[in-house]
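# Report on the structure
Each chain, letter by letter, is given below.
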Amino acid sequence: MAEVAVTRPRHGFKFGLASGNAGVYIAFVVLLIALGFAAPRFFTVGNLTDVLRQAVPIAVIAFGATFVIGMRGIDLSVGSTLALTGLVTANLLVLGCPVPVACLAGLALGAFIGVINGLLITKVGITDFIATMAIMVVSRGVVMVYTQGIPITGASDPAFRMIGQGYLAAVPVPVVLTTIAFAVAFYLLYYTRFGRFVLSIGSNPDAARLVGIPTDKVKIAVYVLAGVLSAFAGIMLTSRLESAMPEAGQGYELDVIAAVVIGGTGLSGGRATLFGTVVGAVLMAVVRNGLNLLNVNTFWHQVVIGTIILVAVAADRFNRSRKT
């Protein structure tokens, strides 16, 4: 009988070393030191708070992507899901809906997009890359058609602003909410049968099916989780901006994949680390913040992010080939 993968919590830095990503962690520390010298504003409290705020949406989406990639899947629709759910939430608020209703509607739409992704992959048989890319294009198109490229403003209800701009005992509310999302994802991945099923499918899909794991249901549930977390990030971003931006979330799919892979979750599935994902998300925010502080042309940002992804994937491939 095929073995079912066993999951257990692993500390981020320790797991990074064990997974062979120590070079990335060392590069992160070197980057922090270099930015400290090159951009004196980097280590100010205000700037570090901004870095955390910038890392929040990437981190929350990356928690879901950790499940998807750990299951040997991919989800390219997360950025467009963020934009579409943020648009729906902001529009409902502008129309006078109560904050809880508007937020629940955004989360429900994120879950619905996840169901569509899951059904396309498991029931229609479309590869995850193509299915989620198609949903990405469709969702972004809907946003552009509805807004005509013009932001939806007026989402300035005080209770709603609290989600993205408030503080709890000097700690930004988005950081508190991200910590809660991390705790929930951590419990699901490491302490539930669902988490074991996810990594078992990523480790060996055929073996998982043979031992009786309902692979289709688990895959759909994972994409629903990714959709809900993308919507959650969209609500926090909309709250921070007090508006829904049509271009919100563009390129997030690359940042999220980079954060997850840098953190030590293998693209080949079967292993995942949420601690590492947090480190990866912060690293991506630090990179973007540092490029802005150094006044690097925004066109070069994509070059840098793409290079980071290439290095992270190459390191993952190298580690796997060395172990086999």
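Conventions we followed
- Residues numbered from 1 in each chain as written.
- Predicted model: local features only at pLDDT ≥ 70, side-chain atom pairs only at ≥ 80, totals over all residues.
- Heavy atoms only, no water.
- Core = buried A, V, L, I, M, F, W, Y, C linked by side-chain atoms within 4.5 Å.
- Buried < 20%, exposed > 50% of the residue type's maximum accessible area, 1.4 Å probe, protein only.
- Helix = DSSP H or I, 4+ residues; strand = E, 2+ residues; numbered from the N terminus.
- Contact = heavy atoms within 4.5 Å.
- Phe/Tyr/Trp six-rings, centres within 6.5 Å; stacked < 30°, edge-to-face > 60°.
- 1 Å grid on protein atoms, 1.4 Å probe; cavity = no way out; pocket = protein on both sides within 12 Å on 5 of 7 lines; lining within 4 Å.
- Points joined across faces, edges and corners; volume = space filled by probe spheres on them.
- Nonpolar A, V, L, I, M, F, W, Y, C, P; charged D, E, K, R; others polar.
- Axes fitted to C-alpha atoms, helices over the stretch in contact; angles between N-to-C directions.
- Parallel < 35°, antiparallel > 145°, perpendicular 65-115°, else oblique.
- Left-handed = near helix turned anticlockwise from the far one by under 90°.
- Patch = residues over 30% accessible without salt bridge, like charges linked within 9 Å, V, L, I, M, F, W, Y side chains within 5 Å.
- Areas by Shrake-Rupley, 256 points an atom, 1.4 Å probe, with all protein chains shown as cover.
- Salt bridge = Lys/Arg side-chain N within 4 Å of Asp/Glu carboxyl O.

As recorded by an unreviewed UniProt entry, the protein carries the name Ribose ABC transporter permease protein and is attributed to Rhizobium fredii.

Of all hydrophobic cores here, the largest spans 86 residues; its most connected members are Phe63, Phe160, Leu274 and Met284. Counting residues per element, this core draws most heavily on helix H3 (residues 45–70), at 13 residues. In this structure, Leu274 is in contact with Phe63, Thr66, Phe182, Ala185, Phe186, Leu189 and Tyr190, ignoring residues within four places of it in sequence.

All told, the structure shown has nine aromatic pairs when counted by the stated rule. Between Phe42 and Phe43, the ring centres sit 4.9 Å apart and the planes meet at 80°, which makes this aromatic pair edge-to-face. On the basis of relative accessible area, Phe43 is assigned to the partly exposed category, the value being 48%. Between the aromatic rings of Phe186 and Phe275, the centroid separation amounts to 5.6 Å while the plane-to-plane angle is 65°, which identifies the pairing as edge-to-face. Separated by 89 residues along the polypeptide, Phe186 in helix H8 (residues 173–191) and Phe275 in helix H13 (residues 274–293) bring together distant segments of the chain. For Phe186, a relative accessible area of 15% translates into the label buried. Judged by relative accessible area, which is 29%, Phe275 ranks as partly exposed. One aromatic cluster is present, built from ring pairs that chain together Phe63, Phe182, Phe186, Tyr187, Tyr190, Tyr191 and Phe275.

Moving on: the layout of surface pockets. Volume-wise, the largest pocket comes out at about 510 Å³. Along the wall of the largest pocket there are 23 residues; nearest its centre are Gly249, Gln250, Tyr252, Asp255 and Arg288. Of the residues contributing to the lining of the largest pocket, the split by class is 11 nonpolar, seven polar and five charged.

This part is about the packing of helix H12 (residues 252–262) against H13. In helix packing, the relevant descriptors are the interaxial angle and the interaxial distance, both defined with respect to the helix axes. Look at H12 against H13: their axes get within 7 Å of each other, and the N-to-C directions meet at 130°. Of the possible angle classes, the one that applies to H12 and H13 is oblique. Remark: the crossing between H12 and H13 carries right-handed chirality. Along its contact with H12, which presents Asp255, Ala258, Ala259, Val260 and Ile262, the element H13 presents Gly276, Thr277, Gly280, Ala281, Leu283, Met284 and Arg288. In terms of residue class, the contact of H12 with H13 is built from seven nonpolar, three polar and two charged.

Here the focus is the environment of Ala65. Of note, Ala65 is situated in helix H3. With 188 residues separating them in the primary sequence, Ala65 and Glu253 have C-alpha atoms 9.3 Å apart. When neighbours within four sequence positions are excluded, Ala65 is seen to be in contact with Gly70, Val256 and Val260.

Taken together, the side chains of Phe129, Ile130, Met133 and Val137 make up a nonpolar region of the molecular surface, amounting to roughly 340 Å² of accessible area. For Val137, the position within the fold is in helix H6 (residues 128–147).

Tallied over the full model, the rule gives four salt bridges. A salt bridge links Arg209 to Asp206; the nearest nitrogen and oxygen atoms lie 3.3 Å apart. With Arg209 and Asp206 both in helix H10 (residues 205–210), this residue pair falls three residues apart, about one helical turn.

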